[in-house]
Amino acid sequence: MSAPTPTPAPVHDTARDAADHYHRHGWCQAPFVLGEESVTALRSRVTALGRQHRPEVVHEKDGGTTRAIHGCHTWDELCAALVRLPELVGLAEAILGRAVYVYQFKVNFKQPREGAAWPWHQDYAFWSEEDGMPAPDAVNIAVALDDAHPGNGPLTLLPGTHRLGLLDLPERAARSGHWRDHVSADLAYTVTPERAGRLAAERGTRVLVGPAGSVHAFHPSIVHSSTDNLSDDRRALLLITYNAVDNAPPAPTRPAFLVARDTAAVRPLPDPRLTPRPLG
């Protein structure tokens, strides 16, 4: 049986329209995409960064395949320029309604035939329980650096689940104390497959497929997952989490490349290497 054709995402004319959709459904598509040259530059840069040997670079269970890079906006100038892009900052501010800073920056890789799944989970479970973030007043903005299609492990969201609060939290005594359990395939905080299955049957799913350069935003509490990459195509997804300045955790303990300590509001700044264009 062939996979169902994903329903096209609604096209929003403005960041405000996108924000309205986000608050209703827990996700939205941005009213812009990154141009081909911008994507090529970012793809080349993060591929090179993923070959470095440093704590911010996380590998699959084989120890050699790059799974993710964290916090590279603090040590790479192109990634630093991206988080200041006026269109991205403007979308985050439209969604949150106030000044924002970069809470987290990461690139998740699904290498061809090797990229492992991410189980069903909610990002805010980690940020609340591990970091002490007061409220889910943050937003994930996802930039596709490769084409995402049903075969290479795209992100799947359960619309509306951002309104349900945190689900299936483990007892405090059973919780992990090591940050690597928050970035591996064996996540410390997950939503059970049984619950996710019921929610999917009730609410449907949204699969974030589309060409490289596509930009989406999703809520910290929305239930989401992704499958193994069973194709010959890599799937790299760059994720910037903007948090409201007045929602910063008071005393985070995880590494700074997972939880930024600099909570100063981002000052938007265009960069000639990064050229968004209107969607459509």
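Everything here concerns the structure above.
Presented here is an overview of the structure given in this document.

### Notes on the sheet that holds strand E8 (residues 155-157)
Sheet strands line up and pair through hydrogen bonds in the backbone, either parallel or antiparallel.
Piece 1. The antiparallel open sheet is built from four strands, whose spatial order is E6-E11-E8-E9. The open sheet terminates on both sides in strands that have one partner only, identified here as strand E6 (118-121) and strand E9 (206-207).
Piece 2. As paired strands, E8 and E9 are joined by two bridges and run antiparallel to one another. The partner of Leu157 across the bridge, within E9, is Arg206.

### Describing the packing of aromatic side chains
Piece 1. This structure, assessed with the given rule, holds two aromatic pairs.
Piece 2. For the ring pair Tyr103 and Trp127, a centre distance of 5.3 Å and an interplane angle of 70 degrees mean the geometry is edge-to-face. A residue pair is termed long-range when its members are at least 10 positions apart, and Tyr103 in strand E5 (residues 100-110) and Trp127 in helix H5 (residues 123-129) qualify at 24 residues.
Piece 3. By relative accessible area, Tyr103 is classed as buried at 1%.
Piece 4. Ring geometry for Phe126 versus Tyr189: centroids 5.0 Å apart, planes at 80 degrees, classification edge-to-face. One end of the pair, Phe126, is in helix H5; the other, Tyr189, is in the loop between E8 and helix H6 (193-203), and 63 residues separate them in sequence.
Piece 5. The ring of Trp75 has Arg54 sitting right over it, with the charged end atom 3.6 Å from the ring centre.
Piece 6. The residue whose ring lies beneath Arg67 is Trp118, and the NZ or CZ to ring-centre distance is 3.8 Å.

### Digging into the nonpolar core
Piece 1. Formed by 44 residues in total, the largest nonpolar core has its most connected members in Leu82, Phe105 and Tyr242.
Piece 2. Looking at which element gives the most residues to this core, the answer is helix H4 (residues 86-96), with seven residues.
Piece 3. Counting residues in each nonpolar core, the second largest holds 14 residues, with Phe126, Met133, Leu187 and Tyr189 among its members.

Reading guide: rules and limits
- Residues numbered from 1 in each chain as written.
- Predicted model: local features only at pLDDT ≥ 70, side-chain atom pairs only at ≥ 80, totals over all residues.
- Heavy atoms only, no water.
- Pairing = 2+ DSSP bridges.
- Helix = DSSP H or I, 4+ residues; strand = E, 2+ residues; numbered from the N terminus.
- Phe/Tyr/Trp six-rings, centres within 6.5 Å; stacked < 30°, edge-to-face > 60°.
- Buried < 20%, exposed > 50% of the residue type's maximum accessible area, 1.4 Å probe, protein only.
- Lys NZ or Arg CZ within 6 Å of the ring centre and 35° of its normal.
- Core = buried A, V, L, I, M, F, W, Y, C linked by side-chain atoms within 4.5 Å.

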